Amino acid sequence: VLCLWTTMAEIPGEEQDPFAETQKIKTVAGRQDAYRAQAQNRTLSPERADPFANETPAEGVRQYKDVMEEEELNRETKDLLKEIEKKKQEESTLDEPKRKKGRWDQGGDAKPAPSNWEATPQASAVGASNASRWDTPGGGAQWAETPGAVDLNDTPGGAAGRSRWDETPGAADSSMETPDPSATFGETPTPSVKPKVGRSRWDETPAADVGSTPAPMPTPSVDATPRGTPMGAPMTPGATPLGMTGLPGAMMSTPMGMTPDFTKMTPEQLQAYRLDREADERNRPLLDDELDAMLPKSGYEIVPPPPDYAPARKTVMSTPTPTPGSTPLYQIPEDRPKDSYGIPLASGLAEDDDMPYVKPEDYSYFAPLLKGEGDDDLSPEEAKERKIMKLLLKIKNGTPPMRKTALKMITDQARSFGPGPLFNQILPLLMSSTLEDQERHLLVKVIDRVLYKLDDAVRPYVHKILVVIEPLLIDEDYFARVEGREIISNLAKAAGLPTMIATMRPDIDHADEYVRNTTARAFAVVASALGIPSLLNFLQAVCNSKKSWQARHTGIKIVQQIAILMGCAILPHLKRMVEIIAPGLNDEQQKVRTITALALAAMAEAAHPYGIEAFDPVLRPLWKGICEHRGKGLAAFLKTIGYIIPLMDAEHANYYTREVMIILIREFSTPDEEMKKIVLKVVKQCVGTDGVEAQYIREDILPPFFRNFWVVRMAQDRRNYRQLVDTTVEIAHKVGGAEVIGRVVEDLKDQSEPYRKMVMETIDKIITDLGVADIDSRLEEQIIDGIVYAFQEQTSDDTTVMLNGFGTIVNSLGVRCKPYLSQIA
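Residues numbered from 1 in each chain as written. Predicted model: local features only at pLDDT ≥ 70, side-chain atom pairs only at ≥ 80, totals over all residues. Heavy atoms only, no water.

**Some details on the overall build of the protein chain**
Point 1. A tally of regular secondary structure across the protein chain gives 30 helices and zero strands.
Point 2. When each of the 825 residues of the protein chain is scored for burial, the buried share is 38%.
Point 3. Considering only contacts within the protein chain whose residues lie at least 6 apart along the sequence, 71% involve residues at least 24 apart.
Point 4. Summed over all atoms, the accessible surface of the protein chain reaches about 49,000 Å², with 55% contributed by carbon and sulfur. (Helix = DSSP H or I, 4+ residues; strand = E, 2+ residues; numbered from the N terminus. Buried < 20%, exposed > 50% of the residue type's maximum accessible area, 1.4 Å probe, protein only. Contact = heavy atoms within 4.5 Å. Areas by Shrake-Rupley, 256 points an atom, 1.4 Å probe, with all protein chains shown as cover.)

Written out as structure tokens, the structure is:
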């Protein structure tokens, strides 16, 4: 039973809930990754002055100039901190501090550099500023030797250069002495001369002499390390002193007369006694001598304990065992009234029976409502804020009828409430880390309704709203992204293009990449709402910025997001947009070149099958780039070419395919999974283009393609698995189904089940698209044999791929399957 229990206990996750991972986390912040969680780090900026208002802004209100100066200061601060950190790293790697070498650091015949241990007194006198407490002083170390035992005048080599490290530890034998380093090399020592060598604490272990009187020891200096345990110091922990009760260490030891009888103690008592003694030894108070050795004698003051201080330490052995008569029985505690805890009721709104429940995490937002104060003693502004707070609480936590009424009321009275009180309470709620999906949806709906009513009065609060809404544009939930785009679109229509540009301009070259990313997506939404032509001049100025590469990067990303968001609607402006970002292909920054290529790929994908004339200025830089770049840069350039080639006519597509295929075949063997995915995508696009000949594909592409991609490892990554199947099917459309099936049919008997599934799915799709007309009898036998083996050998519960492939092949072969029915059955 014990073995079975041990085996079950070793099973990982046996006590864990198997459905814990499938349960959806309610809060929005709980399911976000580290990148999206950066939205919680942004702060709501103060309201800004409306530059297009008729009246002059107040003196204390932030203006565009103030915001730009703050952003410039933040960017310079961040760059300076990066430079300081980089300089520290360089100094730590290149100029590492030289540690003091010891006698064990010498290796081989290499001549070690002189260390502080071997420094002569003269050298120490000269370099007094670099002296250390480990250096050997001229008059002998205070802790090195016994006083009176050294006569430096009798040293054969003279007083200079002698140190306690020069002699080899051991017995006082002349044959064991180390020759004086100051003597001439090659000189034979005279055996008859026995210099008087001072004894050091490193020479030999002194014999314990209990009856002898200890010799007086020098007073140690503050910064010196004592050589041994003085008589005034405590004894070694764990030993019971014999007859030495007068020593200070005896207070922590067990006296002879009170030693417990271990023969009468149970194992549990012995264990408790050992733990008690170990705790005593570890936690004993430090003595004055030990504190003097660790801390300087000056600069500290001994504070006496309070008169009534009595340290009471309850040890394990001193705890008495309770007897049945003395053990008190459990008594049920009396119920305390709710008011005695000092915590308000759950709703905190006892006087309003129609108010919803207030969650504990919402106390900080709805704290004024929890005080239970009436509205009579409030000022008009406070009463307005209190009313808005009640409406928001009903919308957030109320029932559907209560929510509907509150939403209608806050929408109708938006003008009377004003943008300031409304957004100052709605936006902090949206920034809460405990917000749930439904609550966020309701609050976003409130903002949408309020924006329609406030119109241009929202201009001072545009940046506040964007800080809260921009993270929705990169949310993993599709409906959240749609809501975010709708809010920003309505905001742009209400505030106007000049206000949107003036508000988001400081974030274009922000030091944080997360802010630049969300700002680019927000600009794309503004372009879709107000029209692409209204932003082109601004984008041209941003993409040609000489001051900041971050601004160029963000401007090009805006063009990319416009193409992704609007699709073929960019066709009337395609040529101008390509001209705006074309210089980015030759930018000095690698990130700018990469995002330029990705933006061109997005525009080519959106314009397909039109617009090849607009890409003429970038063809030459693209072909030059695939020959010069590697890694992510090459992947971006290949992706762009893969989307531009299908726009060409047949003759040019054939020529450019042959040119780019040299680079693609070289990248077939890359170990980078992301590069493999892009290469497969480009191969599929090039092969599917009109003008690419089947003979060229069969001779030049198929052999390296199957050799590098049709391996077991490709079936492990789901993204590459899908891309490989689609590319292989596209190749089969050009060279014929039998040609491709004949190369993979033997893999139906592979040992790897995921790989067999990938082969079965590929054959299924090829036969579904092309039929079995070109499959001969030999290949037919191989297919039937392979699918029967793969069907029998499957072990996983997911049998969909095998069943679908089996049914497709049998139905396509029709009567040709008749000879194999007995084998299938």
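**Concerning the confidence of the model for the protein chain**
Point 1. Across the protein chain, the average pLDDT comes to 76, with 70% of residues at or above 70.
Point 2. Every residue in residues 206-257 is under pLDDT 50, and counting partners more than four places away or in other chains gives 53 contacts.
Point 3. Contacts from residues 346-351, a stretch scored under 50 in pLDDT, to residues over four places away or in other chains number 14 contacts. (pLDDT = per-residue confidence, 0-100.)

**Considering unusual backbone geometry**
Point 1. The omega torsion across His-608 and Pro-609 is 5°, close enough to zero to call that bond cis.
Point 2. In this fold, Pro-609 is placed in the loop between α19 (590-607) and α20 (616-628).
Point 3. Of note in the backbone geometry, Asp-455 takes a positive phi value of approximately 55° without being a glycine.
Point 4. The residue Asp-455 is located in the loop between α11 (437-454) and α12 (462-469) in this model.
Point 5. With a relative accessible area of 37%, Asp-455 lands in the partly exposed category.

**A closer look at helix α26 (residues 737-744)**
Point 1. Listed in full, the buried residues belonging to α26 are Gly-737, Ala-738, Val-740, Ile-741 and Val-744. Down the axis of α26, the sector holding all buried residues measures 165°, keeping them to one side.
Point 2. The inward-facing, buried residues of α26 contact α24 (694-709), α25 (718-735), α27 (753-770) and α28 (777-793). (Arc of directions from axis to C-beta.)

**Concerning the packing of helix α23 (residues 673-687) against α24**
Point 1. At a closest axis distance of 13 Å, the pairing of α23 and α24 adopts a crossing angle of 155°. Relative to α24, the element α23 lies roughly antiparallel. α24 is crossed by α23, and the crossing has left-handed handedness. Along the contact surface, α23 presents Lys-676, Val-679, Leu-680 and Val-687, while α24 presents Ile-697, Ile-701, Phe-705 and Phe-709.
Point 2. By residue class, the composition of the contact of α23 with α24 is seven nonpolar, no polar and one charged. (Axes fitted to C-alpha atoms, helices over the stretch in contact; angles between N-to-C directions. Parallel < 35°, antiparallel > 145°, perpendicular 65-115°, else oblique. Left-handed = near helix turned anticlockwise from the far one by under 90°. Nonpolar A, V, L, I, M, F, W, Y, C, P; charged D, E, K, R; others polar.)

**A look at a nonpolar patch on the surface**
Point 1. Together, Leu-286, Leu-291, Met-294, Leu-295 and Tyr-300 make up an exposed nonpolar region whose accessible area comes to about 480 Å².
Point 2. By secondary structure assignment, the location of Leu-286 is in the loop between α4 (267-282) and α5 (288-294). (Patch = residues over 30% accessible without salt bridge, like charges linked within 9 Å, V, L, I, M, F, W, Y side chains within 5 Å. Salt bridge = Lys/Arg side-chain N within 4 Å of Asp/Glu carboxyl O.)

**Thoughts on a positive patch on the surface**
Point 1. Taken together, the side chains of Lys-78, Lys-82, Lys-591 and Lys-632 present a region of like positive charge at the surface.
Point 2. Secondary-structure assignment places Lys-78 in helix α2 (residues 64-94).
Point 3. Note on Lys-78: relative accessible area 32%, which makes it partly exposed. (Lys, Arg positive; Asp, Glu negative; His and termini not counted. Charge placed at Lys NZ, Arg CZ, Asp CG, Glu CD.)

**So, the nonpolar core**
Point 1. Counting 171 residues, the largest nonpolar core has Phe-423, Met-603, Phe-615 and Phe-705 as its most contacted members.
Point 2. A per-element tally of this core places α19 first, with eleven residues.
Point 3. Leaving out residues up to four positions away in the same chain, Phe-705 has contacts with Phe-668, Leu-680, Trp-710, Leu-724, Thr-727, Thr-728 and Ile-731. (Core = buried A, V, L, I, M, F, W, Y, C linked by side-chain atoms within 4.5 Å.)

**With respect to the packing of aromatic side chains**
Point 1. Evaluation of the coordinates by the stated rule reveals 13 aromatic pairs.
Point 2. Arranged with centres 5.4 Å apart and planes meeting at 50°, the rings of Phe-705 and Phe-709 form a pair that is tilted. Of the two residues, Phe-705 and Phe-709 are both situated in helix α24; the distance of four residues between them amounts to about one turn of the helix. Neither Phe-705 nor Phe-709 differs from the other in exposure class; each is buried.
Point 3. A cation sits over an aromatic face here: Arg-658 above Tyr-696, 4.3 Å from the ring centre. (Phe/Tyr/Trp six-rings, centres within 6.5 Å; stacked < 30°, edge-to-face > 60°. Lys NZ or Arg CZ within 6 Å of the ring centre and 35° of its normal.)

**Remarks on the packing of α24 against α26**
Point 1. With their axes 12 Å apart at the nearest point, α24 and α26 run at an angle of 25° to one another. As judged from the angle between their axes, α24 and α26 are roughly parallel. Note that α24 runs across α26; the crossing there is right-handed. Along its contact with α24, which presents Arg-698, Leu-702 and Phe-706, the element α26 presents Glu-739, Val-740, Arg-743 and Val-744.
Point 2. Class assignment of the residues belonging to the contact of α24 with α26 gives a composition of four nonpolar, no polar and three charged.

**Focus on the side chain of Thr-411**
Point 1. Mapped onto the fold, Thr-411 is located in helix α8 (residues 400-412).
Point 2. One polar contact links the side chain of Thr-411 to the main-chain carbonyl oxygen of Leu-407, over a distance of 2.7 Å.
Point 3. Not counting residues up to four positions away in its chain, the partners in contact with Thr-411 are Arg-449 and Lys-453. (Polar contact = N/O pair within 3.5 Å; in protein donor to acceptor, adjacent residues only side chain to side chain.)

**Regarding the pattern of salt bridges**
Point 1. A full pass over the atoms with the stated rule returns 23 salt bridges.
Point 2. Put simply, Arg-666 and Glu-667 hold a salt bridge, and the shortest N to O gap is 3.1 Å.
Point 3. What makes Arg-666 partly exposed here is its relative accessible area of 36%.
Point 4. Judged by relative accessible area, which is 10%, Glu-667 ranks as buried.
Point 5. One salt-bridge network, in which partners are shared between bridges, spans Lys-359, Asp-362, Lys-396, Glu-436 and Glu-439.

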